[in-house]
Amino acid sequence: MAVQTDSKAQARILSLETKGSLKRRTNPIKAMLKIMLLYLPLIIWTLITIYPFWYMIVVSAKSQAQIFTFPPPMSLDSDFFVQFTNNYRSLLSKIPFWQNLWNSIYIACMSTLLSIFFCSLGGYGFAMYNFRGKNIMFSIMIFTLMIPQLIGIIPYFLLMKAFGWLNTARAIYIPGIANAFGIFLMKQYIEASIPIDLVDAARVDGAGEFSIFWKIVFPLITPVIGSFGIMTFLGSWNNFLGPLVIMRSRETYTIPVALNSLRGLQNVDYGAIMVGTVISVFPLVLVFILMSKLIISKMTEGALKG
Amino acid sequence: MNTKVTSEGINWGTFRRKATPYVFVAPFFISFLIFSTFPIFYSFVLSLNSWDGSRPLNYVENFVGLNNYVNVLKDPLFWQSFVNTVAMAIITAIPQHFLGLFFAFILNQGFVKLKEFFKGVLFLPYITSSIAIGLVFNVLYGNPYGLLNYALASLEKLGIAGPGTLIPLTSPINWIREFTWVAIASLAIWRWTGWNAIIYFAGLQAIPDNLYEAARIDGANWAQVFFKITLPLLRPMILFATTMTIIGQVQLFDDPMVIVGGVGAMPTVSNRGMTLAIYLYANAFSWARFGIAAAVSWIVFFIIVFLSIINRRVFQKKD
Amino acid sequence: MRKVKFVKVLLLVLTAVLIVSTGFSVPKPYNNEKVSIQIAVFPSLDVAYNALLPTFSKKYPNITAEVKSLGWGDHHNNLITVIAAGQGAPDVAVIDVNFIAQLGAGGGFENLLKPPYEAGKYKQFFSPYKWAQASTSPRELIAFPVDIAPGCAYIYEPTWKKFKVDYNKIGKMTMDDLFAIGKKLTFDANGDGKVDHWMISHAIGIFNMIFWSAPQRYFDKDGNPALTAPRVRTAFEWAKKFRENGLDANINEWSNEWYAMFKEGTAAFVPSGAWLTGHLKNWIAPEQKGKYRISMLPALNKGEKPMMISRGGSFLAIPSQIPDVNKAAAWEFIKFACTEIESQIISFEKADAFPAYMPAWEDKMFTEGVEYLGGQKARKIWIQIAKAIPEVYVNPKDSLAESILNTALFDYLDGNKTLDKALSDAQKELEVKMKQ
C-alpha cells in the first residue's frame, strides 16, 4: 500500500511537471517553446489534410462552370446554398442516393461489428495460447494477406452467383468477417498489452475460456478495438470492386459505386458527386466519434491501474 | 479454485483449454476455405492459360503452362513497373512511419480535448473523395499554372530560384513528368501517415504509465525513455504497420491513378508512374490478357512474401 | 482437394455446355412476349435513353425496360467481368469504340447479321467506317452503331482574326500550311518573355490527326503489327516538328490547365470531337460563347483530301449469354434507338450523341447554326466529315498497340529516343506481345 501511495505522489509530481507548473518556476520560455514545438507539426499537418476536404465542400456548392475556374475556387460564394441545392437535386435525379447511403451504412456496420468480434477472438487465440501448428497457421494466415485481389474478382463473382448471393449485402460483408488483417493487428496488440498472468489468474478462479476473453480481456483492449473499428468501417465504406460486380441494380449500389456512376467519359457531374460525398461524411464522423470514445475510455482505466 | 478435481473434471478442463484456441482461430480458416480457395485456384489455373476473356475459358485449348510467367519476366514494362513500385515504396515508407510515429507520440503526450480533434484530422484522408484529392494534387503540380510552379516563379522573381542559385530550377516545371515518383509518393504519404499514426497511437496507449514513471525516477531523459522503453515495446505494432505498408505499397493502385491515370489505366504522361498493380489491371481490363494478369498477380504475391520475410527479420521481437 | 477437383470438372462441363448451347440455339424474332430487359449505359446516355423509354413502352407494352448507368470506366470493367465470367450480363450494353474490338473478338456478343436480327438491311444507312468498326469480319457485326463523333478542330476565332488567317480554308490547306500558320499563332501576348499563346495544346493532337485518318493504324490488313509504316513515321515527325518549334503547350487533355486554355483562349487550334461543343458551352468555357468555331482538318500533302478522323462513338450490343426471348426484345430496343429518326434526334438533344443513322441528318436541326459557335453551321460540317471518314482495320489488340505506340511517341517527343529506335522498339514489343 505504501508503494501505491508513493507512486501516486510520483504521478502527481510528473503530471505537474508536464503541465509546466513546476517548470514555471524554472524556465517558462522553455515550457512554452516545448508546447509550441509539439503543437506546430500537428497544426501544419491539419492544414495539409483539411485542404482537399475543404475543397470538396467548396465544389459541392458550385455550378459546373465555376468548378474549373483558374485559379481554383477556394471560398464559398454568397449563393452557395442555392448551388448546393441545385447539385443536390441533380444528384437525386440520377441515383437513389439515400437508399445507396443506407446500403453503405448497413454493410459497413455489419462488417465492423462482426469483424470486431471474430478478429479479436482470433487474435486472442493466437496471442494467448500455445498450440500445435500455431506458427504454421499464423504464417499461412499472413500469407493470405499478400494475395493480390484484382484477378480474384471474376471467381468471386462466380462464387457469389453459385451461392445465390448476387445483389445481396451478404456477399459483401460475410467473406471478410474473420480477416487476416484484423487478426494480425489484434494479436500484436494483445501480445503487447495483456499479461499472461491475468489470464492464468482468471483460469485459477474457475472462469471459462470464452468468458475470460469476453469479460476480462475484451474490455481491456478497447483502444485497438476503437482503431480497428474505424479502419474496418472506412475500409468497408470505400470498398469499390466488390459492390461493383455484385450489386446488379441501382437500388443496391453502395455509395462509391453510385457516386462514380455520375462519371461519363468527359462529362462528370462533379458538383453532384461532391454533394453526395459531403453528405456521406456525416455517418462516418458519427462512427468516428463513437469509436473514439472507446479509445479514450481506456486511458482513464489505465491511470487507475497505474 | 478449480473444484472439479475428479479425473474426468481435469480432462474436461484441459480439453477445453486445449481445444479453445483452435475454436477461436477457426472462423478465419473456415471462411478462407469457403470464400478464398476457389478464387486462388481459379487465378492459378488462369495464370497457366492464355485468355482474352471474350469467350469462356477452354482449359485444353488455351493452356500455355508457365509461358505467361516467362513472358512477364521478359517484359521490360513489367520491370519498369517493378522499379517504379519499389522506388515509390521506399520514398513513401520512411516518411509515413516516421511522421506517423511522431504524430502518435505527440498525441500521446497529454492535451486531452484536442486529442479527438487531431485524431479526426488523421482520418480525414480516408473520408475525402478521391476525386477531390485528385483535383487538389493536380492543381498543386499543374504545369504551367500549378501552385508549386507559381511558388517557384515567385521565388525566381526574388532571385532565390533559377539557374545558378540555391534552387537550380526554372519554372514552369512539369512536376508530374519530371518528378513522377515524388509526386505520387507525396500523395501516398499524405494518405497513409494518419493510418500509421493511429496504429502507433494504439500501441503507445498499451504501454503502462508506471514504466515511464519508474524511468523518470531513475533519472532517464527523453531520448533514453524513448529508445530504451517505448520503441522496444512498440515492436509488435511496428512489425504490423510495416508489414501492412509493404503489402499495401506493392499493390499501390489508387494513388498513382489519381496523378497519372488516363483512359482505361493507360498513363497519359509516361510509364514512370506505372506500378505493378496498374500493370496488372491494364493487362486484364485494358489489353485483354487475363492469363498474363493472373501470372503477374502471383509474381507480385511472391515479391510481397519475400519482402515481408525480410521485414520480419528486422522487426520481429526477439525474446 | 476433392472439392477443388469437383469444382474444376463442374466448370469444364459448364463451359462445354455453354459453348455447345450458344452454337445451336437461334433466337426467334420478338413476338410480343412479356419480358423485362436491362439496358446498361454510362453517362450521359442514361438521360438520353430514359427519354426514349416512354415512347418505347407505348410501342412495346409487354417489354419492361430499365436503364442502368455506371461510370464510363466502371461500366466497361463490369462488362468485361461479366463477359469473362459468362454470367450476369445486361440485355443491351452500350460499348464505347475504345472497347469494341477487344470485347467483340470472342463471340461474347450476338452476330447481328444473322437471324433473327438481319441487321444487314440497315447497312446502307450508316457510314462505312462506323459499320466496319463493329465488324470483326465482313460476315460478323457484333454491335450496332448508335452515335458517332466526327473529329474536327476547335478554332479560337479572335486569334485567327488578329493574324488575318481564314480558318474556313483549313480544309484546303496542307500540313505545311498549318505549320506556317502555327508559327504565327504562337506568341507572347503580355511581353514577359514567356510564350503564352500556342497553336495547339499538345503535340499528340497533331499525331492523332495524321495517324487516325488512314485505314491502316496499328495493324495491317492481315493483322500484323505495322508500327514502322511510313504514315506512322510521318505522324511522329510532324508531332515532333510542332513540339520542337514550341508550337504546343505540352498540356494534357482534361487537365485543369487544358480547361484554362479554353477559358482564356490561349490555344488557337485544338483537334477534338463534335461532342466537345456541348462541354465548352456548359462548363468549360461558357463565358467564351461565340468566340469558338470548328473547322475541318487540313490534308496531309498537296493534292490530297482533308484528313478525316472519328473521335469516339458508341454502339449497342446484345450479350450472347442472355435468354433468347431477352435477345429478341433487346433487338427491338436497339432498332428503336438506332433506326428511328425521332430517337436519334432525342439522343442528340439530350446527350449530345451525334446520330449515326444517316437519314436522321435530314432533320432541319442540322441546317441550323450552333449558337455557342457564333451561329456557325457546324452540324453541316460534321455531317460532311462523318460521310468522309475512311474505314479502318480493327484489331482486338488495338488498345495494347495504342499503349505501346503512345509511350513511344512520348519518348520521342521528350527527346529520350530517336525516331528509328522509338518505332523499332515499339514494333518489336508489339510483335512479342501478340504472340503471347
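Small disclaimer: the values here were computed from a predicted structure and weren't measured.

Caption draft 1: Representation of the overall build of chain B in the model. Looking only at helices and strands, chain B has 13 helices and zero strands in total. For 319 residues, the compact-globule estimate of 2.2 N^0.38 gives 20 Å, and chain B exceeds it by more than 25% at 26 Å. Taken over the C-alpha atoms alone, chain B extends approximately 85 × 70 × 30 Å along its principal axes. Looking at chain B residue by residue over its 319 residues, the buried ones come to 46%.

Caption draft 2: Looking closely at the overall build of chain C. Helix and strand content of chain C: 16 helices and ten strands. For 436 residues, the compact-globule estimate of 2.2 N^0.38 gives 22 Å, and chain C sits close to it at 23 Å. On the principal axes, the C-alpha backbone points of chain C span a range of 75 × 50 × 40 Å. Considering chain C as a whole, with its 436 residues, one finds that 54% of them fall into the buried category. In chain C, 76% of the contacts between residues at least 6 apart in sequence involve partners at least 24 apart.

Caption draft 3: How the structure looks around the interface of chain C and chain B. On the side of chain B, 33 residues touch chain C, which itself brings 32 residues to the contact. Elements that contribute at least two residues to the side of chain C that touches chain B include exactly helix H1 (2-24), helix H3 (72-85), helix H4 (97-104), helix H10 (256-264) and helix H15 (398-414) of chain C. For the side of chain C that touches chain B, the leading source of residues is H1(C), giving six residues. Of the residues belonging to the side of chain C that touches chain B, the class tally is 14 nonpolar, 17 polar and one charged.

Caption draft 4: Broad picture of the interface of chain B and chain A. Counting from both sides, the interface comprises 77 residues of chain B and, opposite them, 76 residues of chain A. With 20 residues, the top contributor of residues to the side of chain B that touches chain A is helix H1 (residues 7-47) of chain B. When its residues are assigned to classes, the side of chain B that touches chain A shows 53 nonpolar, 16 polar and eight charged.

Caption draft 5: Unusual backbone geometry, seen in detail. Residue and element names in this part refer to chain C. Each neighbour pair has its own omega, and for Pro 43 with Ser 44 the value is 0°, a cis peptide bond. Its location among the elements puts Ser 44 in the loop between strand S1 (35-41) and helix H2 (45-59). Cis geometry is found at the peptide bond from Pro 115 to Pro 116, where omega equals -5°. Checked against the element boundaries, Pro 116 lands in the loop between H4 and helix H5 (128-133).

Caption draft 6: Molecular detail of the domain arrangement of chain B. Residues and elements named next belong to chain B. Domain boundaries in chain B define domain 1 (1-47) and domain 2 (68-315). On the side of domain 2, seven residues touch domain 1, which itself brings four residues to the contact. Classifying every residue of the side of domain 1 that touches domain 2 gives two nonpolar, two polar and no charged.

Caption draft 7: Just the confidence of the model for chain B, in detail. On average, residues of chain B score 83 in pLDDT, and 91% of them are at 70 or above. Confidence drops under a pLDDT of 50 for residues 1-5 of chain B, and excluding neighbours within four residues, the segment shows six contacts in the predicted structure.

Caption draft 8: View of the pairing of strand S6 (residues 144-156) of chain C. All names here are of chain C. Burial analysis of S6 places 13 of its 13 residues in the buried class, which makes it a mostly covered element. Here S6 runs beside strand S9 (residues 310-317); their pairing, made up of five bridges, is antiparallel. Pairing of Ile 148 across the sheet is with Gly 313, part of S9. Pairing between S6 and strand S10 (residues 354-355): two bridges, direction antiparallel. Following the sheet pairing, Asp 147 is matched in S10 by Pro 355. As defined by bridge partners, S6 adjoins strand S7 (residues 269-273) across five bridges and the pair is classed as antiparallel. Residue pairing for S7: Gly 151 is matched across the bridge by Gly 273. Of the strand pairs in this sheet, S6 and strand S8 (residues 292-295) are connected by four bridges, and their pairing is antiparallel. Within S8, the position partnered with Tyr 154 by the bridge is Ile 294.

Caption draft 9: Structural context of the domain arrangement of chain C. Residue and element names in this part refer to chain C. Parsing chain C into structural domains produces domain 1 (26-149 + 311-386) and domain 2 (151-310 + 392-434). Taking only C-alpha atoms, the centre of domain 1 and the centre of domain 2 are 29 Å apart. Taken together, the contact pairs 23 residues of domain 1 with 26 residues of domain 2. Of all the elements in the fold, those that place two or more residues in the side of domain 1 that touches domain 2 are H4, H5, S6, S9 and helix H14 (378-388). Looking at the side of domain 1 that touches domain 2, the element that brings in the most residues is H14, giving four residues. Of the residues contributing to the side of domain 1 that touches domain 2, the split by class is 14 nonpolar, seven polar and two charged.

Caption draft 10: Here's a closer look at the nonpolar core. Ranked by size, the top nonpolar core spans 318 residues in total, and within it B:Leu280, C:Ala143, C:Ile155, C:Phe207, C:Ala239, C:Leu316 and C:Leu409 carry the most contacts. Broken down by element, this core gets its largest block of residues, 14 residues, from helix H8 (residues 180-205) of chain B. Setting aside residues no more than four positions away along its own chain, C:Ala143 makes contact with C:Ile95, C:Ile100, C:Gly104, C:Phe109, C:Ala134, C:Phe315, C:Leu316 and C:Ala317.

Caption draft 11: Region of interest: the environment of A:Met36. Residues and elements named next belong to chain A. Relative to the assigned elements, Met 36 resides in helix H3 (residues 28-60). The exposure class assigned to Met 36 is exposed, which follows from the 10 C-beta atoms found within 10 Å. When the C-alpha positions of Met 36 and Leu 198 are compared, they lie 40 Å apart, and in sequence the two are 162 residues distant.

Caption draft 12: Examining H4(C) more closely. Residue and element names in this part refer to chain C. Among the eight residues of H4, eight are classified as buried, and the element is accordingly described as predominantly covered. Listing the buried residues of H4 in full gives Val 97, Asn 98, Phe 99, Ile 100, Ala 101, Gln 102, Leu 103 and Gly 104. Tucked inside the fold, the buried residues of H4 contact H3, strand S3 (92-96), H5, strand S4 (135-137), S9 and H15.

Caption draft 13: How the structure looks around the packing of H8(B) against helix H10 (residues 222-250) of chain B. Residues and elements named next belong to chain B. Running from N to C, H8 and H10 cross one another at 160°; their axes reach a closest spacing of 9 Å. Relative to H10, the element H8 lies roughly antiparallel. Here the hand of the crossing between H8 and H10 comes out right-handed. Mapping the contact onto sequence places Asn 196, Ile 199, Tyr 200, Gly 203 and Leu 204 in H8 and Leu 234, Met 237, Phe 240 and Ala 241 in H10. Residue classes in the contact of H8 with H10 are distributed as seven nonpolar, two polar and no charged.

Caption draft 14: View of H14(C). Residues and elements named next belong to chain C. Every buried residue of H14 is listed here: Ala 378, Arg 379, Ile 381, Trp 382, Ile 385 and Ala 386. Axial view of H14: buried residues confined to an arc of 155°, hence all on one face. If you follow the buried residues of H14, they end up packed against S6, S8 and S10.

Caption draft 15: Summary view of the pairing of S9(C). Residue and element names in this part refer to chain C. For S9, the tally of buried residues reaches seven of eight residues, placing the bulk of the element in the interior. Taken together, the four bridges between S3 and S9 define a ladder with antiparallel strand orientation. From the neighbouring strand, Ile 95 faces S9, where its bridge partner is Phe 315.

Caption draft 16: Here's a closer look at the environment of B:His97. All names here are of chain B. Structurally, His 97 can be placed in helix H3 (residues 76-107). Using a count of 20 C-beta atoms within 10 Å as the deciding quantity, one classes His 97 as buried. In this structure the C-alpha to C-alpha distance between His 97 and Phe 227, which are 130 residues apart in sequence, comes to 16 Å. With residues up to four places along the chain from it excluded, the contact list for His 97 reads Asn 196, Ala 241 and Thr 242.

Here is what the cut-offs are and how they apply
- Residues numbered from 1 in each chain as written.
- Chains lettered and ligands numbered in written order.
- Predicted model: local features only at pLDDT ≥ 70, side-chain atom pairs only at ≥ 80, totals over all residues.
- Helix = DSSP H or I, 4+ residues; strand = E, 2+ residues; numbered from the N terminus.
- Rg over C-alpha atoms; globule rule 2.2 N^0.38 Å.
- Buried ≥ 20, exposed ≤ 12 C-beta atoms within 10 Å, placed from the backbone.
- Contact = placed C-beta atoms within 7 Å.
- Nonpolar A, V, L, I, M, F, W, Y, C, P; charged D, E, K, R; others polar.
- Domains from an automatic or database assignment.
- pLDDT = per-residue confidence, 0-100.
- Pairing = 2+ DSSP bridges.
- Core = buried A, V, L, I, M, F, W, Y, C linked by C-beta atoms within 7 Å.
- Axes fitted to C-alpha atoms, helices over the stretch in contact; angles between N-to-C directions.
- Parallel < 35°, antiparallel > 145°, perpendicular 65-115°, else oblique.
- Left-handed = near helix turned anticlockwise from the far one by under 90°.
- Arc of directions from axis to C-beta.

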